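# An overview of the molecular structure
The primary structure of each chain is shown beneath.
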Amino acid sequence: MSESTLEQLCKIYTELNTEDINILKKVESTLNIYADLSNANMYIDCKMNENDHAIVVAEAFPSTSDSVYEKSVVGKFVFESFEPGVFYSYRGGKKSLISQAVTQDGRIVEQSVVPIKNGSHQIIGVLIQEKEMSQQSLVRSEQQKYSFGQETLGTMLGDDMGKIPIISSLLMETLLLTDNKNNLIYANPVGVKFITEMSQTDEIQHKNLVELLPFLKQVYDSKEDVFVFDMTLDRKNLVIKKVRLRNKEQHGETLLIIQDITELRTKEKELMMKSYLIQEVHHRVKNNLQTVASLLRLQMRKGSPEESKAYFEDTLNRIYSISSVYELILANEDADDDDVNIIELTRKVCSTLVLNELHKNISLIIQSNGNRILTSSRKAVSIALIINELVQNSLKHAFPEDILGEIIVEFHSNKDFLELHIFDNGVGMKKPRTSLGLEIVHNLVVNDLNGEFQYLPEDVGTHAVIAFPVSPEVVIYYEKENIDS
Ligand SMILES: Nc1ncnc2c1ncn2[C@@H]1O[C@H](COP(=O)(O)OP(=O)(O)O)[C@@H](O)[C@H]1O
Ligand SMILES: [Mg+2]
């Protein structure tokens, strides 16, 4: 009688008391029903008192199965290294599920283990359910040697598509394994598709891979054990990695990892084309601005009254500041990047203004304070125009007599805000009177940069400040250097 067997085994090999054993007996009485219900083998294992192993104290097999495999294991010892799930559940008091466990007698099963507890929540045994992995044993025995951890690599070839390890179907790379005669012994799902597509045949199992795909000949012919090939085939770009798995000094299997990078290459070409076009557009904008400037200069020289010349000049300077932005973008080595370095832009805009003969006594200092500020070309146009107006005002209005003067352009920043200060040590602004120049500055700061524009009171000269928030379009980096001019 199996009931007494359980009782006997428990008394001999375990520390369980009568109460615990009665609980196990109750569980045992239901084993047959669960075996039938789940069509799986059921076992109860208990921890032994004298060593770290466990012992099978009860079992049940489904009555429907052809009990070919089913030889009784009651009374057998169970070792941790063979059945880790049993011990995991014992120790942690948790359920363990191993989808492809290899049992002590070498069968591959899906094994679930739950702890059995007594009234005081002590674990007195574990209940095990083992389902045979049907019709795979043949394919498997061949492939077990390539197992990665719990998972067995393989089973894709032939009709066994239902049991593909998840990881293999997620892989975008083709994985192919061939034996020492280059015959295919494993391909992941992408690999099967790859070979059938490239070779135009469905008969690939155990076929010679070089005959199926002649372009792989050079890969196999090369002497190296590990090698990466770049290959272009009918508009397909492939990267092929080859690894020879040697065993005992002789040729073993070869693993190929093939990546199709056609799409990547096409995208790269498209991007190159796009950045070329953008670059071309920048060129045209710059050239058109130059044409507009030359037309204005022509108009200014011929057929305009003397009083209007100052206005032409203001307008020309505005156009030059816009075109400085495009010159900087075009000078940028990184063609994709149309970000503009604001410090460089400031230098460019100012240098065209101060180089003028009229301002030979005025020096201009640009202080970046270690900031490297990059903005989108759109914001850069606004900033160029603002700097042009304010520096121009200092040059024009601050130093009415030909005295020594100084203009300082300074950048300050914290992580949220960027401030641009423009000082001069000139006569100062008498009563603020806004005309077109300051109106342009105000509009650009408020509408385009979402910032603020104001004059701060100073004993000498003027001090204009614009402040605007850092944003994805305005990025600040800190550099070591502190002062440049
Ligand atoms: N840095 C400065 N120093 C002295 N006066 C200034 C300065 N900036 C601006 N102003 C005064 O503010 C006025 C308005 O400037 P703006 O709107 O740029 O017009 P515009 O430069 O065409 O005269 C100027 O005419 C000038 O009187
Ligand atoms: Mg002005």
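The structure presented is a predicted model; accordingly, all values stated were derived computationally and were not measured.

### Some words on the pattern of salt bridges
Taken as a whole and judged by the stated rule, the model has 15 salt bridges. Residues glutamate 203 and lysine 207 are paired through a salt bridge, measuring 3.9 Å at the closest nitrogen-oxygen approach. Assessed through its relative accessible area of 57%, glutamate 203 is described here as exposed. The closest approach of N and O atoms between arginine 284 and glutamate 280, which form a salt bridge, is 3.7 Å. Linking arginine 284 with glutamate 280, this pair stays in helix α9 (residues 262-301), spanning four residues, or about one helical turn. Within the structure, one salt-bridge network assembled from shared partners comprises Arg378, Asp448 and Glu473.

### Comments concerning the sheet that holds strand β18 (residues 462-469)
With respect to topology, five strands assemble into an open sheet ordered β13-β15-β16-β18-β17, the strand pairing being mixed. Two strands lie at the open edges of the sheet, namely β13 (362-367) and β17 (452-455), each paired on one side alone. Strand-to-strand twist across the sheet, computed as the mean angle between neighbouring axes with direction ignored, equals 10 degrees. Of the pairings in the sheet, the one linking strand β15 (residues 405-413) to strand β16 (residues 417-424) comprises seven bridges and is antiparallel in character. Bridging across to β16, glutamate 410 finds its partner in histidine 421.

### Quick look at the site of ligand 1
Residues in close proximity to ligand 1 include Asn393, Ser394, His397, Ala398, Asp424, Gly428, Met429, Arg433, Ser435, Gly437, Leu438 and Thr462, which together make up its full environment. At 2.8 Å, a side-chain N or O of asparagine 393 approaches an oxygen atom of ligand 1. Note that an oxygen atom of ligand 1 is positioned 2.8 Å from one of the backbone N or O atoms of leucine 438. Here ligand 1, which alone exposes 540 Å², has 85% of that area covered by the protein. Within the residue set of the shell around ligand 1, elements represented by two or more residues are α12 (377-398) and α13 (436-448). Of all the elements, α12 adds the most residues to the shell around ligand 1, at four residues. Residue classes in the shell around ligand 1 are distributed as three nonpolar, seven polar and two charged.

### Overview of the packing of aromatic side chains
One pass over the structure, following the stated rule, counts four aromatic pairs. The interplanar angle of 80 degrees and the centroid separation of 6.4 Å between the aromatic rings of tyrosine 43 and phenylalanine 61 together place this pair among those described as edge-to-face. Taken as a pair, tyrosine 43 in strand β1 (residues 41-47) and phenylalanine 61 in the loop between β2 (54-60) and β3 (77-78) lie far apart in primary sequence, 18 residues in all. Tyrosine 43 sits in the buried class, given a relative accessible area of 6%. Measuring from centroid to centroid gives 4.7 Å for phenylalanine 227 and phenylalanine 229, while their planes differ by 65 degrees, and the two rings are edge-to-face. Look at phenylalanine 227 and you get partly exposed, because its relative accessible area is 31%. With relative accessibility at 8%, the residue phenylalanine 229 sits in the buried group. In this arrangement the basic side chain of lysine 47 is found over the ring face of tyrosine 90, its NZ or CZ atom lying 4.7 Å from the centre.

### Regarding the packing of α9 against helix α10 (residues 309-331)
For the pair α9 and α10, interaxial distance at closest approach is 9 Å and the crossing angle is 165 degrees. Relative to α10, α9 is oriented roughly antiparallel. Handedness of the crossing formed by α9 with α10: left-handed. For the contact of α9 with α10, the class distribution of residues is 14 nonpolar, seven polar and five charged.

### Details of the pairing of β16
The loop that links β15 with its antiparallel partner β16 comprises three residues. Alignment of β16 against β18, held across eight bridges, turns out to be antiparallel. Within the sheet, the bridge partner assigned to phenylalanine 423 lies in β18 and is histidine 463.

### Observations regarding the side chain of serine 377
The residue serine 377 is located in helix α12 in this model. Residue contacts for serine 377: discarding those within four places in its chain leaves Val325, Ile329, Asp338 and Val340.

### Remarks on the packing of α10 against α12
Two quantities define a packed helix pair, namely the angle between the axes and the distance from one axis to the other. Their axes nearest at 9 Å, the elements α10 and α12 cross at an angle of 140 degrees. In terms of orientation, α10 lies oblique with respect to α12. Classified by chirality, the crossing of α12 by α10 is right-handed. Between α10, through Asp314, Asn317, Arg318, Ser321, Ile322, Val325 and Ile329, and α12, the contact on the second element is made entirely by Ser377, Ala380, Val381, Ala384, Leu385, Asn388, Glu389, Gln392 and Lys396. Of the residues in the contact of α10 with α12, the class split is seven nonpolar, five polar and four charged.

Criteria and cut-off values
Residues numbered from 1 in each chain as written. Chains lettered and ligands numbered in written order. Predicted model: local features only at pLDDT ≥ 70, side-chain atom pairs only at ≥ 80, totals over all residues. Heavy atoms only, no water. Salt bridge = Lys/Arg side-chain N within 4 Å of Asp/Glu carboxyl O. Buried < 20%, exposed > 50% of the residue type's maximum accessible area, 1.4 Å probe, protein only. Helix = DSSP H or I, 4+ residues; strand = E, 2+ residues; numbered from the N terminus. Pairing = 2+ DSSP bridges. Axes fitted to C-alpha atoms, helices over the stretch in contact; angles between N-to-C directions. Near = heavy atom within 4 Å. Polar contact = N/O pair within 3.5 Å; in protein donor to acceptor, adjacent residues only side chain to side chain. Areas by Shrake-Rupley, 256 points an atom, 1.4 Å probe, with all protein chains shown as cover. Nonpolar A, V, L, I, M, F, W, Y, C, P; charged D, E, K, R; others polar. Phe/Tyr/Trp six-rings, centres within 6.5 Å; stacked < 30°, edge-to-face > 60°. Lys NZ or Arg CZ within 6 Å of the ring centre and 35° of its normal. Parallel < 35°, antiparallel > 145°, perpendicular 65-115°, else oblique. Left-handed = near helix turned anticlockwise from the far one by under 90°. Contact = heavy atoms within 4.5 Å.

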